[in-house]
Each structure stands twice: as C-alpha cells, then as structure tokens.
Amino acid sequence: MPKAYVFTRYGGPETEALVQVDRPVPGPGQVLVRVRAAGVNPVDWKQRTGYRRPGESGERDFPAYFGNEVSGVVEEVGEGVEGFAVGDAVFGRPVVGGYSEYALLSVDLLAPKPAALTFTDAATLPVAAVTAYDGIRQLDLPAGATLLVTGAGGGVGVAAVQIARALGLHVVGLSSEAKKDFVALLGAVHVPSGPGWTEGVPGRVDGVYDLVGGDVLEDAATLLADRAKLITAGAPPEVVEKLGGARVARVRTPERLAAVADLVVSGDLDPHVTQTFPLEQAGEALRTVEEGHARGKIVIEVA
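Now for a quick tour of the structure.

One recurring pattern in soluble globular proteins is that nonpolar side chains are buried together. With 38 residues, the main nonpolar core has Leu125, Leu147, Val149 and Tyr209 as its most contacted residues. Looking at this core, the elements with two or more residues in it are helix H3 (125-139), strand S8 (146-150), helix H4 (155-166), helix H5 (180-185) and helix H8 (254-266). Take this core: its biggest share by element is seven residues, from H3. Formed by 28 residues, the second largest nonpolar core is a distinct cluster that contains Val74, Val81, Leu279 and Ala294.

This is how it looks when you write it as structure tokens:
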C-alpha cells in the first residue's frame, strides 16, 4: 500500500503520522499522479490546527493529507479527461494527496510540466508562486513604481519580489535581519523588520504586498497615499478592508500555473528551493516551515 503523511485530528505535531493508505481512484475529470515532489507551505500546518481557507466549508475527513501542491507523472486518468495521458509530467493542486506517493488532481487545477522545469521546482509553484503572481497582477503597478513586500524572505515573498522585478518594478523587501543578504540577492532593497521599521523604507511606496498581517500590515498602510494599492495574503478580509485595502484575489486556473512555469523556464523566477526532505522526514520539513526558519522554499521529494 502507498504511504502518505497525514494528521489524524486537529492539534499539534503529535497528531502527525506516516501511514499506509489506499491508492486513490480518479473520478470524472481527475487524474491519478505518482508524486515526485510536494511543496511545503505554512497553510499545511495551519490546516492541522483547524484553519479553513476563506470559502471552505464542511467537515474534514481524517486522516487528512498534508500538502497543497505537487508534481509528478500521470498514472491513470478518470472519465472525461482530455489533454492528459498516462506518462505525462504534470504539476498542480491535489484534491486528495500531497505529502504522499499518489495524489488525485482535478484537470481544473493541473498543468503540463515543461521539460526544462524540474519536478522539485514545479512542486513549489501552485501555491506560493501563483499567489505571488496573482497579487502582483492585482496591484497592476506601472513599470518604475515602487512595491513594498512584507515577509519578503518566505516562499510567497521570494516569488513576489522576482515577479515584480521582471515587470520592471522597484522592490523594497521587509524581512528579518538574518535574511538580509537573501532578500538583496533577489533584487530588493532590504529593510529589517522590528519596531520602527517604516523609518528604514527609502522614498515613496506606490504599492504594498503584505504577507505578514498584524501590526506590520497596519504600519505598511501608513506608507501609502492610495490604500487601493494595499493587498494582503497575511490577514483576514475584514482586517485589510478597514485599512482601505483588499485580500489577494486568487485565480486558480491551469493558465496561471502555466504562466508561472514559463517565468521559471525563462529565468525570471527562481523558486529558491533551499532544502529538500524525503517523504519519511516530512515531519522535519514541516517543522522547518512551522517554526519560521525556512528561507525560500522547502520541498519533499518522493522516491
């Protein structure tokens, strides 16, 4: 039986386990993918604590799979699937599966993996990179404008800085002092986080992409003349709306997956995978992200 890393109830790391599961069976409009790599994101451990994304409803079945982005090879196609065949290399967001040997993916959230894109890099794109891309497009700043990215050293921040730079924006990146050199390497002017951080922002800010929330979001809002250019993926809608901004509007389509893949192939986006772990060490990978020590992206590689 195939293996998967799951959580058996809501709670902390004590609820996690590597278990044997039934091999999923693709339904209409789905494909079964033999997973080669799975991206690790903060939302993964948050879901273990009971967090639900905006719009999510219903009871979660246990054991519940960790993981929201995978890459791999199609093993089986469900009824009505067109455009994908057994043996195709693909990446996307799983319906079932994640940190696992097999996953089910809907063709609505699936794209072909370009040959020039590694499975490891492809597994970082469906959540972090697409979120970054959605936000940059939503802000719609003209070339030459200055964008402030809070949380610039994390998975979404790393992609947002690079995508913004590729579109001709000047970028200021807020992160811890420990990530100063990394943020500068991405092409952003680094500002260290901490009390009074806004005083370190050089010049005018035309847009803010917040990935932190809380006091950081409120402080960032004070830097803007036009609060319509304030978006967040780090705070609830009601919080940012009080400040005059908005949540990132997610566009979950195969076309968005293909767009960010093209950016990697063209050299405009480097996912910056800084650590990989085998499936048997999925818990360690998740701890690295949960404890806030990750720089760039963490990926689980499945043998």
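Another aspect to go through is the sheet that holds strand S1 (residues 3-7). Ordered by their spatial adjacency, three strands build an open sheet running S2-S1-S4, and the pairing between neighbours is antiparallel. For this open sheet the edge positions go to strand S2 (16-20) and strand S4 (64-65), each flanked by a neighbour on one side alone. Strand direction decides the pairing type here: S1 and S4, joined by two bridges, are antiparallel. Bridge assignment links Val6 to a residue of S4, and that residue is Tyr65.

As a further point, take the sheet that holds S8. What the six strands build is an open sheet, ordered S10-S9-S8-S11-S12-S13; its pairing is parallel. In this open sheet, the two edge strands, each paired with only one partner strand, are strand S10 (189-192) and strand S13 (246-247). Bridge analysis of strand S12 (residues 230-232) against S13 gives two bridges, and the strand direction is parallel. Bridge pairing in S13 places Thr232 opposite Arg247.

Cis geometry is adopted by the peptide bond preceding Pro63, which originates at Phe62 and carries an omega value of 0°. Examined against the element boundaries, Pro63 turns out to sit in the loop between helix H1 (42-48) and S4. For Asp140, which is not a glycine, the phi torsion comes out positive at approximately 50°. As for its placement among the helices and strands, Asp140 is situated in the loop between H3 and S8. A relative accessible area of 59% means that Asp140 is categorised as exposed. One non-glycine residue, His272, lies in the positive phi region at around 55°. Its place among the elements puts His272 in the loop between H8 and strand S14 (273-278). For His272, a relative accessible area of 17% translates into the label buried.

Further remarks concern the side chain of Asp210. Along the polypeptide, Asp210 turns up in strand S11 (residues 207-210). Buried Asp210, no salt bridge; nearest opposite-charge side chain is Arg247, N-O distance 7.3 Å. Once residues lying within four places of it in the same chain are set aside, the contact partners of Asp210 are Thr150, Val216, Leu217, Ile231, Thr232, Ala233 and Gly234.

This next bit is on the pattern of salt bridges. Per the counting criterion, the structure on display carries ten salt bridges. A salt bridge links Arg256 to Asp134, with the nearest nitrogen and oxygen atoms 2.4 Å apart. Here Arg256 is found in helix H8, whereas its partner Asp134 is found in helix H3, with 122 residues between them in sequence. One salt-bridge network, in which partners are shared between bridges, spans Glu16, Arg48, Arg287 and Glu290.

As a further point, take H3. For H3, with 15 residues, the first-to-last C-alpha span of 20 Å sits near the 21 Å given by 1.5 Å per residue. Burial analysis of H3 places 13 of its 15 residues in the buried class, which makes it a mostly covered element.

Turning to the pairing of strand S3 (residues 30-40), a few remarks are in order. A large share of S3 lies buried, amounting to nine of its eleven residues. Alignment of S3 against strand S7 (residues 102-112), held across five bridges, turns out to be antiparallel. If you follow Leu32 over to S7, its bridge partner there is Leu104. As defined by bridge partners, S3 adjoins strand S5 (residues 70-77) across seven bridges and the pair is classed as antiparallel. Bridge pairing in S5 places Ala38 opposite Val70. Looking at chain direction, S3 and strand S15 (residues 297-301) are connected through four bridges and run antiparallel. For Ala38, the partnering residue across the bridge sits in S15 and is Ile300.

Definitions and limits used
- The numbers attached to residues start from 1 for each chain and follow its sequence in the written order.
- Local features are withheld for residues below a pLDDT of 70 in this predicted model, meaning they are given only at 70 or higher, and side-chain atom pairs are given and counted only at 80 or more; totals for whole chains, interfaces and linings count all residues.
- Calculation of side-chain values draws on the structure's entire complement of heavy atoms; hydrogens and water are dropped beforehand.
- What we call a nonpolar core is a set of buried Ala, Val, Leu, Ile, Met, Phe, Trp, Tyr and Cys residues that are connected through their side-chain atoms within 4.5 Å.
- For the exposure calls, accessible area comes from a 1.4 Å probe over protein chains only, and a residue counts as buried if that area is under 20% of its type's maximum, exposed if over 50%, partly exposed in between.
- Here a helix means four or more residues in a row that DSSP labels H or I, a strand means two or more in a row labelled E, and each is numbered from the N terminus.
- Strand pairing is assigned whenever DSSP detects at least two bridges linking the two strands.
- As used throughout, the charge tally considers Lys and Arg to be positive and Asp and Glu to be negative, leaving His and the chain termini uncounted.
- Should a side-chain nitrogen of Lys or Arg be within 4 Å of a carboxyl oxygen of Asp or Glu, the pair is scored as a salt bridge.
- Residue contacts are counted whenever heavy atoms from the two residues lie within 4.5 Å of one another.
- Helix span, as expected, comes to 1.5 Å for every residue beyond the first.

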